[in-house]
Amino acid sequence: MLKGKKILLSICGSIAAYKSAFLCRLLIKEGAEVQILMTKSATSFITPLTLSTLSKRPVYTDVSSEESWNNHVDLGLWADAMLIAPTTATTLSKLATGNCDNIVVATYLSARCPVFFAPAMDLDMWVHPATQHNVTRLKSYGNHLIPVEHGELASGLVGNGRMAEPENIVEHLKHFFATEQSFTGQKVLITAGPTYEPLDPVRFIGNHSSGKMGVSLAEKLASRGAKVTLVLGPSKLTPSNAIDTIRVQTAQEMYEASHQHFEDCSVAILAAAVADYRPKNIADKKIKKKNDELFLELEKTQDIAASLGKIKKEQLLIGFALETNNEIENAKKKIVRKNFDFIVLNSLQDKGAGFNHDTNKITIIHQDNKIRHFELKSKDAVAVDIIDEIAAIQATKNTKTVV
Ligand code: PMT
């Protein structure tokens, strides 16, 4: 799984840095290309000479040397993964705040690849709220935590805080790359954004959806190899060229585009906030201000989710529920009514969740009522959680088929 993968192994100043030599050897044994970066303090624990001998590449300890500028931007673009092991409390804080005063943080900020961090520190440092806050923040940016392990620490104390063993770190990366392309060959349909239901040539009924949640899902699925069709309501976002984006305005247009692309997809994720009602009559001229009151007659739009739920065969159908009260109960009803395999609940009662934010806080509820709660994260990181949930269902289905 790691054959040919380009890995930036970034080492910080911790006694656990000696394990990075083993880690480097294991990665190379798995067929990876390893480029070592070190903070200055890491060089007090293990020498660049040891690591350059093992990695067969020069080791970078600074953004520039007397002879050259070590291009952290190029390094960040070169890598398939950046692995920061060990990550000290200081580096955690610098990564979380973007405090770019060494080559590891500079490269991290430039990297477009997945980033893994394996903390190492004493047990009290590990549980300190400041450290935990930084870990949460880093995870919310979509970075991957390789959990600390329990055992004897350099201080002689016993507890959580040891850097994961090199073998476990390698397993973590192998698992990541094994699942990374797991959607290759699959077509995925996603709806996202609001719908605008016109009243007259200048006005509409709409909502605050930005499309961010659905676009994050689309980008993450495309990066795992899926061919993604995104039916996107009016949104300022510009999805990447990797995604086949169909722009629509109304619930009816979204309904038609979704049905057109549903049949040959393996997964459909309905993240759009679709209007439930639309004006029965659309005035062909701007409605003039006349009386004190104006009554609008509304009619139901078509329920895209429910209609797809009726015709689905092998497809996984994933819905969203944006609720303000009785959240779980309401979401469960929607699973049944719309025949979802699972529903992603976000509540407007949670700060930072729902419309327009860059973050979301979700609960996944399955058909069998199994519930998983997640913490507040970036919408990119939330998308990864949702996709992992889909991949897990598909893996179970495949296992059953093989048996
Ligand atoms: O776009 P963002 O700003 O990032 O915000 C993301 C989000 C809050 C819009 C998203 O996370 C979300 O919750 N989307 C669903 C919001 C919603 O309107 O839910 P609902 O409870 O009305 O609908 C339930 C499900 O049925 C949804 O999957 C919805 O897409 C679908 N539906 C609803 C009505 C309809 N006519 N057709 C549908 O397909």
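No experiment lies behind these values; they were computed from the predicted model shown.

Calculation criteria
Residues numbered from 1 in each chain as written. Predicted model: local features only at pLDDT ≥ 70, side-chain atom pairs only at ≥ 80, totals over all residues. Heavy atoms only, no water. Near = heavy atom within 4 Å. Polar contact = N/O pair within 3.5 Å; in protein donor to acceptor, adjacent residues only side chain to side chain. Areas by Shrake-Rupley, 256 points an atom, 1.4 Å probe, with all protein chains shown as cover. 1 Å grid on protein atoms, 1.4 Å probe; cavity = no way out; pocket = protein on both sides within 12 Å on 5 of 7 lines; lining within 4 Å. Sits in = over half its atoms within 2 Å of the grid points. Helix = DSSP H or I, 4+ residues; strand = E, 2+ residues; numbered from the N terminus. Salt bridge = Lys/Arg side-chain N within 4 Å of Asp/Glu carboxyl O. Buried < 20%, exposed > 50% of the residue type's maximum accessible area, 1.4 Å probe, protein only. Expected span 1.5 Å × (residues − 1). Pairing = 2+ DSSP bridges. Contact = heavy atoms within 4.5 Å. Axes fitted to C-alpha atoms, helices over the stretch in contact; angles between N-to-C directions. Domains from an automatic or database assignment. Buried area = accessible area lost by both parts, 1.4 Å probe. Nonpolar A, V, L, I, M, F, W, Y, C, P; charged D, E, K, R; others polar.

A short note on the site of the ligand
(1) Moving on: Neighbouring the ligand are 28 residues, the closest being Ser209, Ser210, Leu270, Lys334 and Asn356.
(2) Moving on: Met213 is positioned such that a nitrogen or oxygen atom in its backbone is 2.8 Å from an oxygen atom of the ligand.
(3) Moving on: The contact in question runs from an oxygen atom of the ligand to an N or O atom on the backbone of Leu270, over 2.6 Å.
(4) Moving on: Out of a free accessible area of 770 Å², the ligand has 95% covered by protein chains.
(5) Moving on: If you map the ligand onto the pockets, it falls in the second largest pocket.
(6) Moving on: Where the shell around the ligand is concerned, the elements lending two or more residues are α9 (212–223), α11 (304–311), β16 (316–323) and α12 (327–338).
(7) Moving on: Looking at the shell around the ligand element by element, the count peaks at four residues for β16.

Quick look at the pattern of salt bridges
(1) Moving on: If you walk through the whole model with that rule in mind, you get 20 salt bridges.
(2) Moving on: A salt bridge links Glu33 to Arg57, with the nearest nitrogen and oxygen atoms 2.7 Å apart. Of this pair, Glu33 sits in strand β2 (residues 33–38) while Arg57 sits in the loop between α2 (48–55) and α3 (72–78), placing them 24 residues apart in sequence.
(3) Moving on: On the basis of relative accessibility, which here comes to 26%, the residue Arg57 falls in the partly exposed class.
(4) Moving on: Between Lys312 and Asp341 there is a salt bridge; the shortest N-O distance is 2.7 Å. In this pair, Lys312 sits in the loop between α11 and β16 while Asp341 sits in the loop between α12 and β17 (342–347), placing the two residues 29 residues apart along the sequence.
(5) Moving on: With relative accessibility at 15%, the residue Asp341 sits in the buried group.
(6) Moving on: When salt bridges with common partners are traced through the structure, they connect Lys19, Arg162 and Glu165 into a single cluster.

Notes on helix α1 (residues 17–29)
(1) Moving on: Look at α1: 19 Å from first C-alpha to last across 13 residues, which is about the 18 Å you get at 1.5 Å a residue.
(2) Moving on: Residues of α1 that are buried: Ala17, Lys19, Ser20, Ala21, Leu23, Cys24 and Leu27.
(3) Moving on: Just past α1, the residue Gly31 takes up positive phi, approximately 95°.

What about the sheet that holds strand β3 (residues 81–87)?
(1) Moving on: What the five strands build is an open sheet, ordered β2-β1-β3-β4-β5; its pairing is parallel. The open sheet is flanked by β2 and β5 (144–145), the only strands paired with a single partner.
(2) Moving on: Inspection of the sheet shows β3 paired to strand β4 (residues 115–119) by four bridges, in the parallel sense. Bridged to Met82 within β4 is Val115.
(3) Moving on: Against the sheet, α1 makes contact with β1 (6–11), β2 and β3, and its axis sits at roughly 175° relative to β1, the strand it touches most.

So, the domain arrangement of the chain
(1) Moving on: The domain architecture assigned to the chain consists of domain 1 (6–180) and domain 2 (187–279 + 296–402).
(2) Moving on: A separation of 35 Å is found between the C-alpha centroids of domain 1 and domain 2.
(3) Moving on: On the side of domain 2, seven residues touch domain 1, which itself brings seven residues to the contact.
(4) Moving on: In total, about 510 Å² of surface goes out of reach between domain 1 and domain 2, with carbon and sulfur atoms giving 51% of it.
(5) Moving on: On the domain 1 side of the interface with domain 2, the three residues burying the most area are Lys139, Ser140 and Glu180, jointly 63% of the side's total.
(6) Moving on: At the junction of domain 1 and domain 2, the tally comes to one salt bridge.
(7) Moving on: Linking domain 1 to domain 2 there are zero residue pairs in polar contact (both at pLDDT 80 or more).
(8) Moving on: Sorting the residues of the side of domain 1 that touches domain 2 by element identifies α7 (129–140) and α8 (166–180) as the ones contributing at least two each.
(9) Moving on: When residues in the side of domain 1 that touches domain 2 are grouped by element, the largest group, three residues, is from α7.
(10) Moving on: In the side of domain 1 that touches domain 2, the residues fall into one nonpolar, four polar and two charged.

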